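Architecture and fold: a report
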Amino acid sequence: MLKIGVLVSGGGTNLQAIMDAIDTQGIPAEIVSVVSSNPNAYALERAKNKGIEAVTMRKRDYADAKAYDIALAEHFKSRGVGLVVLAGFMTILGETFVNEFENKIMNIHPALIPSFCGDGFYGLHVHEAVLAKGVKLTGATVHFVSPITDGGPIILQKAVEVLDDDTPEVLQKRVMEQAEWKIFPEAIRLFAEGKLQVEGNKVRIKK
Ligand code: GAR
């Protein structure tokens, strides 16, 4: 059974969607630890309500970024984690952590990569930028994490319509409901079933 470690920073609706999908869709995986970069993240409560270990690890409490990477990697390795899931994690991970879990870290980004991604594009800022540009379609992307921010191999994407009267908050909710909460559990299921094959910067989904 695949052991999953989850990194969070906020409300944890994606974490909730993943926990629910594991329960109801028979995904052969279990979440063994949830780590937050923010002690006040509601995501921690969601994990505790499920009886899952929930801890806070903040970059500022470590000597430098590399020490933080090493501590996070040790935390997950000691629990036998085979997949790390970034579910609204707002801290940049360094090469030390990324290389330790090569092609075993998944991130959800609330736009269609390569649009509206990279440094500075996170959370509500992404939807503000989408509305400012006036695009008619946005969506969400699940990808493996590489040392380049939002630059790793793409696993799944789903498009969502942008409507004339959208506010960033309204659009964020539609992207979550119609895309994020569906494709993130689906990508995890494919990984847990051994169906994802990384070839360079592409991911092939085996039948
Ligand atoms: C989600 O929309 C997720 O895609 C985004 O933060 C939100 C977290 O919500 N992630 C990023 O912007 C990462 N660059 P949640 O805590 O309710 O899952």
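First things first, this report covers the structure right here in the doc. (Residues numbered from 1 in each chain as written. Predicted model: local features only at pLDDT ≥ 70, side-chain atom pairs only at ≥ 80, totals over all residues. Heavy atoms only, no water.)

To continue, consider helix α1 (residues 13-24). The α-helix winds at 3.6 residues per turn, so residues separated by three or four positions along the chain end up facing the same way. In this model, α1 (12 residues) spans 16 Å end to end at C-alpha, consistent with the 16 Å of a helix rising 1.5 Å per residue. The complete set of buried residues in α1 reads Asn-14, Leu-15, Ala-17, Ile-18, Met-19, Ala-21 and Ile-22. Its buried side turned inward, α1 meets β1 (2-8), β2 (29-36), α2 (42-49), β4 (83-86), β5 (105-109) and α6 (168-192). Once α1 finishes, Gly-26 follows within two positions and takes phi at roughly 65°, a positive value. (Helix = DSSP H or I, 4+ residues; strand = E, 2+ residues; numbered from the N terminus. Expected span 1.5 Å × (residues − 1). Buried < 20%, exposed > 50% of the residue type's maximum accessible area, 1.4 Å probe, protein only. Contact = heavy atoms within 4.5 Å.)

Looking now at the pairing of β1. Counting buried residues along β1, 6 of its 7 residues qualify, which places the element largely inside the surrounding structure. Both β1 and β2 contribute to a ladder of 7 bridges, which runs parallel. Note on β2: the bridge partner recorded for Ile-4 is Ile-31. (Pairing = 2+ DSSP bridges.)

This part covers the site of the ligand. As a structural note, the neighbourhood of the ligand is formed by 15 residues, with Gly-12, Thr-13, Asn-14, Gly-123 and Glu-180 the closest of them. A distance of 2.6 Å separates an oxygen atom of the ligand from a polar side-chain atom of Thr-13. Within the complex, the protein chains bury 92% of what would otherwise be the 450 Å² of accessible surface of the ligand. Here the ligand is seated within the largest pocket. Along the lines of polarity and charge, the residues of the shell around the ligand split into 6 nonpolar, 8 polar and 1 charged. (Near = heavy atom within 4 Å. Polar contact = N/O pair within 3.5 Å; in protein donor to acceptor, adjacent residues only side chain to side chain. Areas by Shrake-Rupley, 256 points an atom, 1.4 Å probe, with all protein chains shown as cover. 1 Å grid on protein atoms, 1.4 Å probe; cavity = no way out; pocket = protein on both sides within 12 Å on 5 of 7 lines; lining within 4 Å. Sits in = over half its atoms within 2 Å of the grid points. Nonpolar A, V, L, I, M, F, W, Y, C, P; charged D, E, K, R; others polar.)

Attention now moves to unusual backbone geometry. The amide bond that connects Ile-113 to the next residue, Pro-114, takes the cis arrangement and shows omega of 15°. Examined against the element boundaries, Pro-114 turns out to sit in the loop between β5 and α5 (124-133). A positive phi is found at Asn-103, a non-glycine position, where the angle reads about 55°. By secondary structure assignment, the location of Asn-103 is in the loop between α4 (95-100) and β5. Owing to a relative accessible area of 27%, Asn-103 belongs among the partly exposed residues under this scheme.

With 43 residues, the main nonpolar core has Ile-4, Ile-31 and Met-106 as its most contacted residues. Among the elements that make up this core, the one with the highest residue count is α6 (9 residues). When residues no more than four places from it in sequence are discounted, the contact partners of Ile-4 are Ile-22, Ala-29, Glu-30, Ile-31, Val-32, Ser-33, Val-81, Leu-83, Val-85 and Ile-188. If you look at the next biggest cluster of nonpolar residues, it comprises 19 residues, including Leu-7, Val-35, Val-81 and Phe-101. (Core = buried A, V, L, I, M, F, W, Y, C linked by side-chain atoms within 4.5 Å.)

Another aspect to go through is helix α3 (residues 65-77). Given a rise of 1.5 Å per residue, 13 residues ought to cover 18 Å, and the 18 Å separating the end C-alpha atoms of α3 matches this to within 8%. Buried residues of α3: Tyr-68, Asp-69, Ala-71, Leu-72, Ala-73, His-75 and Phe-76, and no others. Among the structural elements, β1, β2, β3 (54-56), β4 and α4 are those in contact with the buried residues of α3.

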